[in-house]
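Below are the chains, spelled out letter by letter.
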Amino acid sequence: MDLHVRYAGDDDPEKCTARKLARFDLAELHRSDRATPYGVVLNPHAEQALSPADSTETLVALDCSWESAGEARFSLPGEHRALPYLVAANPVNFGKPFRLTTVEALAAGLVILGERPHAERILSKFTWGETFLELNDEPLRRYADCDDSADVVAVQGEYLDR
């Protein structure tokens, strides 16, 4: 699966997971919406949850600071899907739900779409990468076993009710 990132460049370049993925040729960065290919876009504001039913060859994430990640930033072409409840493992937002880095979002998407080895490969470039999969092992496996978005939302509800 091809990984693409609409790169805004408004966060700390030293901590930017998208830039690191690009350095290792694991994702392609794009500086404009127009240059970003059509695919499944990971968008926290989307009305539908990502599920195994969203088969794609292209997974797209937006890399920007959380302060500027408003709904207007997600004007990318494609099928927009939200990631379900997951917990961050990155040092900045460790343990916080829904506050994932770009690599965590892409890895979660890959696992849900049945590409766990690809997720492990991109996370291996980060000291905390394996921790992300460990922290979210149960929900990621359950989401990956769902049939569609409605099933993913139902499973997510169990975690939000805890």
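Per chain, residue numbering runs from 1 following the sequence as it is written. At least 70 in pLDDT is required for a residue's local features to be given in this predicted model, at least 80 for side-chain atom pairs to be given and counted, and no such filter applies to totals for whole chains, interfaces and linings, which use all residues. Side-chain numbers come from the whole structure's heavy atoms, not from hydrogens or water.

It is worth spelling out the nonpolar core at this point. Counting 43 residues, the largest nonpolar core has Leu-106, Ile-122 and Phe-132 as its most contacted members. Per element, the largest residue contribution to this core is 8 residues, and it comes from helix H2 (residues 102-112). The contact criterion used throughout is that any non-hydrogen atoms of two residues lie within 4.5 Å. Those residues in contact with Phe-132 that lie beyond four places of it in its chain are Leu-86, Val-87, Ala-89, Leu-100, Glu-104, Ala-107, Ala-108, Leu-123 and Leu-140. Nine residue types can take part in a nonpolar core, namely buried Ala, Val, Leu, Ile, Met, Phe, Trp, Tyr and Cys, and a core is a set of them joined through side-chain atoms within 4.5 Å. Partly exposed residues are those whose accessible area sits between 20% and 50% of the maximum for their type, while under 20% is buried and over 50% is exposed, using a 1.4 Å probe and protein chains only. Numbering of helices and strands runs from the N terminus; a helix is a DSSP stretch of H or I covering at least four residues, while a strand is a stretch of E covering at least two.

Once that is clear, we can look at the sheet that holds strand S3 (residues 40-42). Overall, parallel pairing links the 5 strands, which are arranged S2-S1-S4-S3-S5 in an open sheet. The open sheet terminates on both sides in strands that have one partner only, identified here as strand S2 (28-30) and strand S5 (79-81). Averaged over all pairs of adjacent strands, the angle between strand axes in this sheet comes to 30°, irrespective of strand direction. One ladder, built from 3 bridges, connects strand S1 (residues 2-7) with S2; its direction is parallel. Bridging from a neighbouring strand, His-4 pairs with Glu-28 of S2. The strands touched by H2 within the sheet are S1, S3 and strand S4 (58-63), with S4 carrying the most contacts at an inclination of about 155°. By definition, two strands form a pair when at least two bridges between them are found by DSSP. A fitted line through C-alpha atoms represents every axis, and for helices the fit uses only the stretch in contact; the resulting angles, taken between N-to-C directions, go from 0 to 180 degrees.

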